[in-house]
Structure formats: C-alpha cells, structure tokens
Amino acid sequence: MKSKLIGLFAAAALSGAAFFGSAVAAEPESTDPIKIVTNNWTSQLVLSNVVGQLLEQMGYNVEYKSSDTQLQFTAIAAGDMDFQVEVWEGSMAESFNKSLADGAVDYGAHNAVTREDWWYPTYMNEMCPGLPDWKALDACAAKLATAETGDKGRFVGPPADWGKHYSERIQALKMNFQEVPVGQAATLWAELQAAYDRKEPVVIFNWTPNFIEAKFEGQFVEFPEYAPECFSDPKWGMNPDAIYDCGAPAKGYLKKVGSKAIETTWPNASAFLKKVDFTNPQIAAAAAMVDVDGMTPEDAAKKWIADNESTWKTWMN
Ligand code: TMO
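Residues numbered from 1 in each chain as written. Predicted model: local features only at pLDDT ≥ 70, side-chain atom pairs only at ≥ 80, totals over all residues. Heavy atoms only, no water.

Some words on empty space enclosed by the protein
Let me state the cut-off plainly: Definitions used throughout: a 1 Å grid over protein atoms alone; a cavity as a set of points that fits a 1.4 Å probe which cannot get out; a pocket as an open set with protein on both sides within 12 Å along at least five of seven lines; a lining residue as one with an atom within 4 Å of a point. Grid points are joined across faces, edges and corners, and a volume is the space filled by probe spheres set on the points. When residues are grouped by polarity, Ala, Val, Leu, Ile, Met, Phe, Trp, Tyr, Cys and Pro land in nonpolar, Asp, Glu, Lys and Arg in charged, and all others, Gly among them, in polar. Boundaries of every domain are those given by an automatic assignment or by a domain database.
According to the stated counting rule, one finds 3 cavities of 30 Å³ or more in the structure shown. Space inside the largest cavity adds up to approximately 80 Å³. Lining the largest cavity are Glu 89, Gly 90, Ser 91, Met 92, Ala 93, Glu 94, Gly 163, Lys 164, Tyr 226, Phe 231, Ala 248 and Pro 249. Of the residues in the lining of the largest cavity, the class split is 6 nonpolar, 3 polar and 3 charged. Counting contributing residues per domain, the lining of the largest cavity is built from domain 1 (28-113 + 252-316) and domain 2 (115-231), each supplying no fewer than three.

Considerations on the state of the cysteines
In plain terms, the rule: Throughout, a disulfide means two cysteine sulfur atoms within 2.5 Å of one another. We count a stretch as a helix when DSSP gives it H or I for four or more residues in a row; a strand needs E for two or more, and each element gets its number in order from the N terminus. Note on classification: 1.4 Å probe, protein chains only; a residue is buried when its accessible area is under 20% of the maximum for its type, exposed when over 50%, partly exposed between these limits.
This structure, assessed with the given rule, holds 2 disulfides. Two residues, Cys 128 and Cys 140, share a disulfide whose sulfurs are 2.0 Å apart. Taking the sign of the S-S torsion, about -65° here, the bridge from Cys 128 to Cys 140 comes out left-handed. Here Cys 128 is found in the loop between helix H5 (124-127) and helix H6 (134-139), whereas its partner Cys 140 is found in the loop between H6 and strand S5 (153-157), with 12 residues between them in sequence. Considered together, Cys 128 and Cys 140 belong to a single accessibility category, that of buried residues.

So, the side chain of Asp 82
The following threshold applies: Only four residue types enter the tally: Lys and Arg on the positive side, Asp and Glu on the negative side, with His and both chain ends excluded. In what follows, salt bridge is the name for a side-chain nitrogen of Lys or Arg lying within 4 Å of a carboxyl oxygen of Asp or Glu. Here a polar contact is recorded for every N or O atom pair within 3.5 Å, except that within protein the pair must consist of a potential hydrogen donor and a potential acceptor, and residues adjacent in sequence are included only if both atoms are side-chain atoms. Should any heavy atoms of two residues lie within 4.5 Å, those residues are considered in contact.
Locating Asp 82 in the fold gives a position in the loop between helix H3 (71-78) and strand S3 (83-88). Although Asp 82 is buried, it forms no salt bridge, and the closest oppositely charged side chain is Lys 35 at an N-O distance of 4.6 Å. A polar contact of 2.7 Å, which involves the side chain of Asp 82, links it to the side chain of Ser 259. Ignoring anything within four residues of it in the chain, the contact list for Asp 82 reads Pro 33, Ile 34, Lys 35, Ile 76, Val 257, Gly 258, Ser 259, Ala 261, Ile 262 and Trp 266.

Quick look at helix H2 (residues 42-57)
Selection criterion: What a helix should span is 1.5 Å times the count of its residues minus one.
For H2, spanning 16 residues, the distance from its first C-alpha to its last is 22 Å, which sits close to the expected 22 Å at 1.5 Å a residue. Within H2, 13 of the 16 residues are buried, which leaves it mostly tucked inside the rest of the structure. Positioned one or two residues after H2, Gly 59 has a phi angle of 105°, which is positive.

And the structure:
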C-alpha cells in the first residue's frame with residue numbers, strides 16, 4: 001500500500017514537472033481556495049475557467065463565485081472574492097476605480113482593446129441614411145418603434161448589472177428612444193437573429209471582442225466621443241445640464257483585478273495572474289465555443305488550454 005502510494009506521488013510529480021518545467025512551484029503556498037469571480041456572459045466564463053484550470057494544474061485550489069458585475073468589486077476589495085479576469089472599461093470603470101481606492105489590486109491590462117455600445121446590422125445603413133451617426137439613428141426612431149415603446153424607437157439594452165447608463169444617455173441627448181433591457185445576454189442574440197433573418201431594423205447592446213462579429217455584419221452607433229468628464233461634469237458635452245451625454249469608450253481597456261490577499265497568501269499565483277493576457281481574437285473565439293459551438297465553459301476552457309500551450313506557458317515563467 002505504502003509503496004503504491006509513493007509510486008503514485010512520484011508519477012504525479014514527474015508528470016507535473018514535465019508539464020510545467022522547473023519554473024513553477026510544486027507546492028502551493030496555501031491550500032485555501034482562490035476565489036475566481038464568474039459573470040453572466042460567455043467569454044468571461046470561459047476565461048475564468050481557463051485561469052482556474054491553470055491554477056489547479058499549478059497545484060492550487062480554486063472556487064468559482066458568481067457575482068453581479070458591479071458588486072463584485074466591493075467583494076474583491078473586501079477580500080471575499082479574489083480574482084476577476086475581465087474588467088471592461090465601458091461598463092465597469094467606475095466600480096473598478098472605486099475598488100482600487102478601497103484596497104483591490106489592479107492586475108494589469110490584457111492586450112485586448114474593447115468596445116461596448118449600441119450596435120446594429122449593416123443592412124440598416126440603407127434604411128436610416130447617415131448611420132452610424134447617432135443623430136441619423138434618432139431620426140430613424142419611427143422604424144424601430146414597437147407596441148412596447150409606442151412612438152419611440154426601441155433599444156434592446158443590457159442586463160441591469162452591466163453598469164451602463166443608457167436611459168440617462170437617451171434623456172441627456174433628448175433622443176426619441178426607449179431602452180428595453182434584457183434579463184440575460186442570450187436574449188440580445190435572439191432579438192438580433194430574429195430581426196436579421198427578416199432584414200428588419202434592430203438596435204441592441206453589443207460588445208467586442210465577441211462571437212457576434214464572426215456571425216453577423218454590423219457596426220456600433222457613433223455617439224459623441226467619450227471623455228471621463230462626460231460621466232462626472234454636467235457642463236461637459238452637448239447637454240450642459242446632464243452627464244452621460246456621450247458614447248462609451250471606443251478603444252476601451254480590458255483589465256484584471258484581484259484581492260490584496262492573493263499577493264500575500266499565494267505569491268506565485270499572483271505573479272501568474274499578473275501575466276495572464278488575452279487578445280481580441282482569443283476572446284472572440286472563447287465566446288464562440290459556447291455561443292456558436294454549444295460547449296460548456298468548462299469544456300471550452302479545457303480545449304483552449306490544450307490548443308494554446310505556448311501562450312499560457314509564458315504566463316507561468
Ligand atoms: C460586460 N460586457 C462585456 C458584457 O459588456
């Protein structure tokens with residue numbers, strides 16, 4: 001029995017060494033679980049599982065904790081959760097900045113450049129001349145009117161916790177639109193698909209990188225260009241009495257955030273997490289594995305790890 005156990009440990013140690021090389025510690029600094037935050041869109045779920053599965057391969061224990069995209073920052077600052085792999089500037093900058101002031105740690109930016117905003121299929125350019133300019137969309141509101149929105153155009157908006165301020169933007173820009181938020185991302189894609197099949201006008205919330213760009217032709221509505229003051233100074237922008245009279249950042253960052261505890265409790269994991277770095281094509285492909293190919297986030301992460309060894313190996317050095 002004893003020799004059999006020793007043999008098992010030796011085999012595990014050997015395969016571990018062959019897998020990771022000598023740079024990675026064989027022993028975790030702590031067996032306490034690293035709590036990885038999961039949210040409600042697919043690339044985030046796949047990337048969280050990639051990070052979690054790699055940490056497990058490094059010998060760490062991992063727990064996945066689902067959270068609201070704004071409240072997660074309070075939890076990370078308080079040390080109740082440890083790591084978030086996708087911090088999008090366009091939807092989370094305000095909560096993220098506040099969390100840094102409250103003790104959360106900036107884990108650095110991905111290579112990816114992001115955008116999250118109103119988006120429409122390209123065939124609408126003929127129906128609404130002047131698109132992608134927002135004023136042309138506003139002039140076209142009647143074509144987007146529904147029973148639900150009366151004579152106002154319908155904007156199919158994001159779930160409430162994604163931190164956008166679109167109803168305020170509609171007011172600030174005095175647009176003839178109404179936001180109808182969805183409960184979950186899948187409803188955005190169902191609305192898009194239904195309109196797309198019939199070449200009907202539709203305006204939804206969308207973001208990039210995402211699987212959408214590989215499947216549908218479309219573009220973002222161009223609103224007045226974003227500046228940070230737009231969110232804090234009413235005098236800034238075309239409405240002197242309102243904030244949110246601008247678009248979301250067109251070249252936003254994608255960052256990572258962690259708890260203070262990672263650095264002190266699991267320093268090697270902390271060094272690894274600082275190096276984790278995804279590109280736009282990798283993130284779009286991660287979403288597609290779930291949204292197009294129907295994989296679970298867990299299986300998509302396994303496949304990503306199998307296919308991208310040369311990428312994640314550099315994070316472990
Ligand atoms: C936060 N999100 C990427 C879904 O816009």
